[in-house]
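# Secondary and tertiary structure notes
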Amino acid sequence: MLLLEHVLKQVIQETYPDKKIYQDFTIRIVPKELKSKHGQYIQNDRKIEIYNLSRAPGANFLTTLHEVAHHIEAMDLGETAHKETFYARFYPLVCTALNKGYLNQEDLLMDSQDSSDYKKLCQYYGNSFAKEFTESKEKDTVVVLGAYHARALLKRRDFSYLS
């Protein structure tokens, strides 16, 4: 969970560099499978809860970003709802995550099977926004030795490797 929190705070810092207060939240992973929701933001406690861990990792990361967007909107407006103001905060978080390689278009499509976020983002920002960010994402070099067993995961995350 510390890694998840670290990555989220990195995405927030890069998306909103002048807003340190946005990083003031806690995350709780709840081992429950719910049909009604994948996560929730508890405004009074500044707490994010994530459910349905059987979903794909990228879909769970999107749920967490979704809840972070609720947190940011609540910090800005004192309330949060699934309106255009919410998606105006969620969209740059998703774009940063796509640009950094934490998400890819496949993650968005997996999430769209049981969430309306991708459809709403496409409605507000166009159908090709994910593709544009996936193609233009930043490229960093990481040298990993002895990770042949992880090549499939690395390939799904758009890493290239030399054998």
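Heads up: these notes are all about the structure in this document. Note that the coordinates shown come from a computational prediction; the quantities given were computed from them, not determined experimentally. (Residues numbered from 1 in each chain as written. Predicted model: local features only at pLDDT ≥ 70, side-chain atom pairs only at ≥ 80, totals over all residues. Heavy atoms only, no water.)

### Some remarks on unusual backbone geometry
The line we're drawing: Here a helix means four or more residues in a row that DSSP labels H or I, a strand means two or more in a row labelled E, and each is numbered from the N terminus. We call a residue buried when its accessible area falls under 20% of the maximum for its residue type, exposed when it is over 50%, and partly exposed in between, using a 1.4 Å probe and counting protein chains only.
The backbone of Arg-46 shows a phi angle near 50 degrees, a positive value even though the residue is not glycine. Summarising the element assignment, Arg-46 is placed in the loop between strand 2 (39-42) and strand 3 (47-50). According to the relative accessible area criterion, Arg-46 is partly exposed, its value standing at 28%. Unlike most non-glycine residues, Asn-52 shows phi in positive territory, near 55 degrees. Along the chain, Asn-52 turns up in the loop between strand 3 and helix 2 (57-77). When its relative accessible area of 3% is taken as the criterion, Asn-52 is described as buried.

### Brief notes about helix 3 (residues 84-100)
Heads up, the rule is: One less than the residue count of a helix, multiplied by 1.5 Å, gives the span that helix is expected to have.
The first and last C-alpha atoms of helix 3 sit 24 Å apart over 17 residues, in line with the 24 Å expected at 1.5 Å per residue. Judged by how many residues are buried, helix 3 sits mostly within the fold: twelve of 17 residues are covered. All buried positions along helix 3 are accounted for by Phe-86, Tyr-87, Arg-89, Phe-90, Tyr-91, Leu-93, Val-94, Cys-95, Thr-96, Ala-97, Leu-98 and Asn-99. Note on helix 3: the residue one or two positions beyond its end, Gly-101, has a positive phi of about 90 degrees.

### Section: the sheet that holds strand 2
What counts is decided by this rule: Two strands pair if DSSP finds at least two bridges between them. In this analysis, axes come from line fits to C-alpha atoms, helices being fitted only over the stretch in contact, and the angle between any two N-to-C directions falls in the range 0 to 180 degrees.
Reading across from one edge, 1-3-2 is the order of the three strands in this open sheet, with mixed pairing throughout. Every interior strand has two partners, whereas the edge strands, strand 1 (26-29) and strand 2, have only one. Going from strand to strand, the sheet's axes swing by 20 degrees on average, the running direction of each strand aside. Where strand 1 and strand 3 come together, four bridges link them in parallel fashion. Residue pairing across strands places Ile-29 opposite Ile-50, the latter belonging to strand 3.

### Some points on the packing of aromatic side chains
Worth spelling out the cut-off: In this scheme Phe, Tyr and Trp rings, the latter by its six-membered ring, pair at centre separations within 6.5 Å, and the angle between planes marks the pair as stacked below 30 degrees, edge-to-face above 60, and tilted otherwise.
Overall, the coordinates contain eight aromatic pairs when judged by the stated rule. Taken together, a centroid distance of 6.3 Å and an interplanar angle of 55 degrees make the contact between Phe-61 and Tyr-102 tilted. Here the residue Phe-61 occupies a position in helix 2, and Tyr-102 occupies one in the loop between helix 3 and helix 4 (105-111), the gap between them amounting to 41 residues. A residue is classified by how much of its surface remains accessible, and Tyr-102, at 26% relative accessible area, is partly exposed. Members of the aromatic cluster, joined through ring pairs, are Phe-86, Tyr-87, Phe-90, Tyr-91, Tyr-124 and Tyr-125.

Bear in mind that shape data such as this cannot, by itself, settle questions of function.
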